[in-house]
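Understanding the architecture of this molecule
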Amino acid sequence: MIRRPIAYLTRRETFSASHRLHSPLLTDEENRKIFSKCNNPNGHGHNYTVEVTIRGPIDQKTGMVMNLSDLKIYMEESIMKVMDHKNLDKDVPHFHNLVSTTENVAVFIWNSLSAQLPNSSLLYEVKVFETDKNIMVYRGESE
């Protein structure tokens, strides 16, 4: 049996979106205390950077884990068309009753990409940079 090398392919996209950190499960006072300035009733925005990493064996015929052009299309459909220049809380139904934290954004992107990919087991990691200093990594794990 020939063992094929495993490689990691990462593609980066950047999108701009606004949101308000506000949980319907908390009182207004609790929301203000927990989320501070991010609970501003008018919201605030970020220039998010998303890195999607695909992990898998290198195909002998193509020399690729996945065609980068295909990954670009999957990310366009799952991330850019849905989230770029949007108010996450108002324009993305997933966040109507779910706090649009970076954690939840990363899980949303993971689930959206998983639905797009022909082989979702290749999806290894979604990394969301809310700022240069605030970064969330999600690898599809749950407890």
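For the protein, the name recorded in an unreviewed UniProt entry is 6-pyruvoyl tetrahydrobiopterin synthase, with Daphnia pulex as its organism. Looking at the protein in UniProt, the text filed under Pathway (unreviewed entry) is "Cofactor biosynthesis; tetrahydrobiopterin biosynthesis; tetrahydrobiopterin from 7,8-dihydroneopterin triphosphate: step 1/3." Recorded under Sequence similarities (unreviewed entry), the UniProt text for the protein is reproduced unchanged: "Belongs to the PTPS family."

1. Structural notes on the packing of aromatic side chains
Applying the stated criterion across every chain, the model contains 4 aromatic pairs. Both rings, one in Trp-110 and one in Tyr-138, keep their centres 5.5 Å apart while their planes meet at 85 degrees; by these two values the pair is edge-to-face. Note that Trp-110 is positioned in helix 4 (residues 102–116) and Tyr-138 in strand 5 (residues 135–138), a separation of 28 residues in sequence.

2. Digging into the pattern of salt bridges
The full count for this structure, using the stated rule, is 4 salt bridges. Residues Arg-11 and Glu-13 are paired through a salt bridge, measuring 2.9 Å at the closest nitrogen-oxygen approach. Each of the two residues, Arg-11 as well as Glu-13, counts as buried. A salt bridge links Glu-77 to Lys-81; the shortest N-O distance between them is 2.7 Å. Taken together, the residues span about one helical turn, with Glu-77 and Lys-81 both in helix 2 (residues 68–83) at a distance of 4 residues. Using a relative accessible area of 48% as the deciding quantity, one classes Lys-81 as partly exposed.

3. Quick notes on the UniProt feature "active site" (unreviewed entry) in the protein
In the UniProt entry, the feature "active site" (unreviewed entry) is given for Cys-38, His-85 and Glu-130. Beyond its immediate stretch of four places on either side in the chain, Cys-38 contacts Arg-20, Leu-21 and His-44. Mapped onto the elements of the fold, Glu-130 is located in the loop between strand 4 (123–129) and strand 5. Look at Glu-130 and you get buried, because its relative accessible area is 14%. Sequence-distant contacts of Glu-130, that is, excluding residues within four places in its chain, are made with His-19, His-46, Asn-47, Tyr-48 and Thr-102. In terms of polar contacts, Glu-130 uses its side chain to reach the side chain of His-46, at 3.4 Å.

About the criteria used
- Residues numbered from 1 in each chain as written.
- Predicted model: local features only at pLDDT ≥ 70, side-chain atom pairs only at ≥ 80, totals over all residues.
- Heavy atoms only, no water.
- UniProt positions renumbered as here; feature names shortened; annotations may be inferred.
- Phe/Tyr/Trp six-rings, centres within 6.5 Å; stacked < 30°, edge-to-face > 60°.
- Helix = DSSP H or I, 4+ residues; strand = E, 2+ residues; numbered from the N terminus.
- Salt bridge = Lys/Arg side-chain N within 4 Å of Asp/Glu carboxyl O.
- Buried < 20%, exposed > 50% of the residue type's maximum accessible area, 1.4 Å probe, protein only.
- Contact = heavy atoms within 4.5 Å.
- Polar contact = N/O pair within 3.5 Å; in protein donor to acceptor, adjacent residues only side chain to side chain.

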